[in-house]
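Observations on the model geometry
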Amino acid sequence: MTATEWFRRDRFGMFVHWGVYSLAARHEWVKSRERMTDAEYQRYVDRFDPDLFYPREWARSARAAGMRYVVLTTKHHDGFCLWDSALTDYTVANTPHGRDLLAPFVEACRDEGLKVGFYHSLIDWHHPSFPIDGIHPQRDDEEAKAAPRDISQYREYLHGQVRELLTRYGTIDYLFFDFSYPGTSHTWGGKGAEDWGAEELLAMVRELQPDILVNDRAGIPGDFVTPEQYQPSGPMGTAWEACQTLNGSWGYDRDNFDYKSPELLVRMLVDGVSKDGNLLLNVGPTGRGQIDPEAETRLAAIGEWMRLHERSIRGCGASEYVAPADCRYTQNGDRLYLHLFSWPFKHVHLPELAGKVRYAQLLSDASEIRLEEADPNRVAENTQPGAQPAGTLTLALPVRRPETAVPVIE
Ligand code: H79
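None of the values given here were measured: they were computed from a predicted structure. (Residues numbered from 1 in each chain as written. Predicted model: local features only at pLDDT ≥ 70, side-chain atom pairs only at ≥ 80, totals over all residues. Heavy atoms only, no water.)

1. Topic: the environment of Thr-37
Note the cut-off: To qualify as a helix, a DSSP run of H or I must reach at least 4 residues; to qualify as a strand, a run of E must reach at least 2; elements of each kind are numbered from the N terminus. Contact between two residues is taken to exist if any of their heavy atoms lie within 4.5 Å; hydrogens are not considered.
Examined against the element boundaries, Thr-37 turns out to sit in the loop between helix H3 (30–33) and helix H4 (38–45). Separated by 248 residues in the primary sequence, Thr-37 and Pro-285 have C-alpha atoms spaced 24 Å apart. Apart from the residues within four sequence positions on either side, Thr-37 is in contact with Lys-31 and Gln-138.

This is the structure:
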């Protein structure tokens, strides 16, 4: 199986944003938002002691939710490293916890049969050679801005750290670089492929991990695209993945209760698969290392849905047929799954499917759904309201929506 094959089959992964910003508990951009100096931010580094870090529990939660890969932030924009890098002291080794977090994470994922992904920030708000631009925490510090900063030194550091990540932990299946922001240089002092040495960086990545999948945010094409909008881009057939938060923040955000409902999260997954895409759904564990109950509740609810409907997600992709309003099709071979985002009254009419369907059933309980095809000779003369055009297949649904229902038709 090629790398892209597992990715397209699995469809659903867990994103984990975790670092010293989890202690601030008010968004992973807190250092930039509040324009903190390194000295001010140090209070979190000095107190990072995740005594409830049980990666096996993360992996079990992911698996139970129907996810098949997990992507952890090795370093976010704040520059703090979750592993004991030889290239900086700004790591977990110099916190009260004092030891590498990536090895136990990778092992836990492997033990639970999950693919392993690393997120690595291209942006670095700690490295002394990273130029201060419009999103940097020190953007108002004239003295800091006046000092020369040579990005080539940062580039070397970036490449060296990625080499560590891809040589110390065995096979890594997936790499998410984040992010390039070229073309807006007047306001933001944008950065892109040349700053990161992206061509050379990707060549090294592929040499060290020949089967790895790399995203497209280093400013040059990768193996899949990561659109910010919930809409794929690129030529037909391009693998893509939407990454989404549970509550609008990636890092643990204690006072934010703006959570998406489990129903909405399932729809996001379905909508993506119906367009041939993946969903990487984020959790932000607490500074102690736990996925909080609000997040766990949602993962469990998605898992309950997946228990009954996994077949309409895993191994599925877009259908050649166009789904009716408020519906999505996902398809696997000759199995077509009709996801109803709202429950119609008694009937759902499927254009173009007359004569093409042998059998239909509810996926949740395997109960038969009866098919109705209008007599083609009568269709032409029927001009009553609600008349369906020739070629339409009608499914006779129960009037009341069953608890969870995805009709499947073959
Ligand atoms: O890690 C998560 C976020 O912290 C990080 N990517 C996800 C996976 C992320 N945060 N914000 N963004 C990505 C996009 C930010 C865009 C903007 Fe801008 C920042 C818009 C305005 C300020 C980019 C930089 C465009 C102009 C400057």
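2. Overview of empty space enclosed by the protein
Our working definition: Two kinds of site are reported from a 1 Å grid over the protein atoms alone, namely cavities, where a 1.4 Å probe fits but cannot get out, and pockets, open sets with protein on both sides within 12 Å along at least five of seven lines, and residues are called lining when an atom falls within 4 Å of a point. Grid points are joined across faces, edges and corners, and a volume is the space filled by probe spheres set on the points. Gly falls in the polar group here, along with every residue not listed as nonpolar (Ala, Val, Leu, Ile, Met, Phe, Trp, Tyr, Cys, Pro) or charged (Asp, Glu, Lys, Arg).
Counted by the stated rule, this structure contains one cavity of 30 Å³ or more. Estimated volume of the largest cavity: approximately 100 Å³. Asn-247, Ser-249, Tyr-259, Gly-284 and Asp-292 are, among the 13 residues lining the largest cavity, the residues nearest its centre. Broken down by class, the residue content of the lining of the largest cavity amounts to six nonpolar, five polar and two charged.

3. Points about the domain arrangement of the chain
Definition in use: These domain limits were set by an automatic method or by a database of domain assignments. Once two parts are brought into contact, the accessible area they lose, counted with a 1.4 Å probe and summed over both, makes up the buried area. A pair is scored as a salt bridge if a Lys or Arg side-chain nitrogen falls within 4 Å of a carboxyl oxygen belonging to Asp or Glu.
Here the chain is described as being made up of domain 1 (3–312) and domain 2 (327–409). Carbon and sulfur atoms supply 61% of the area buried between domain 1 and domain 2, which totals about 1100 Å² over both sides. Of all residues in domain 1, the largest losses of buried area upon contact with domain 2 belong to Arg-267, Arg-311 and Ser-312, amounting jointly to 44% of the total for that side. Taken together, the connections running from domain 1 to domain 2 amount to one salt bridge.

4. Topic: the sheet that holds strand S7 (residues 277–283)
Stated precisely, the cut-off is as follows: Note: two strands are recorded as paired if DSSP finds a minimum of 2 bridges between them.
Spatially, seven strands are ordered S5-S4-S3-S2-S1-S7-S6 in an open sheet, and the strand pairing comes out parallel. A single partner strand is all that each edge strand has here, and the edge strands are strand S5 (213–214) and strand S6 (240–244). By the bridge criterion, six bridges tie strand S2 (residues 69–75) to strand S3 (residues 115–121) in an arrangement that is parallel. By the bridge assignment, Val-71 is partnered in S3 with Gly-117.

5. So, the nonpolar core
For clarity, the threshold we go by: We define a nonpolar core as any set of buried Ala, Val, Leu, Ile, Met, Phe, Trp, Tyr and Cys residues linked to one another through side-chain atoms lying within 4.5 Å. Residue exposure (1.4 Å probe, protein chains only): buried if accessible area is under 20% of the type maximum, exposed if over 50%, otherwise partly exposed.
With 88 residues, the main nonpolar core has Met-14, Trp-18, Phe-105, Phe-118, Val-162 and Phe-177 as its most contacted residues. Mapped onto the domain boundaries, this core takes at least three residues apiece from domain 1 (3–312) and domain 2 (327–409). The residues contacting Phe-118, other than those within four sequence positions of it, are Val-71, Leu-72, Thr-74, Leu-102, Phe-105, Val-106, Leu-165, Tyr-169, Ile-172, Tyr-174, Leu-175 and Phe-176. The next biggest cluster of nonpolar side chains, apart from the first, holds 16 residues, and it includes Leu-336, Leu-350, Ala-360 and Leu-393.

6. Comments concerning helix H8 (residues 151–167)
The test is simple: An expected span of 1.5 Å times one less than the residue number is assigned to each helix.
Between its first and last C-alpha, H8 extends 24 Å over 17 residues, near the 24 Å set by a 1.5 Å rise per residue. Within H8, the full set of buried residues consists of Ile-151, Tyr-154, Tyr-157, Leu-158, His-159, Gln-161, Val-162, Glu-164, Leu-165 and Leu-166. Buried residues along H8 sit against S2, helix H6 (102–111), S3, strand S4 (174–178), helix H10 (193–196) and helix H11 (198–208).

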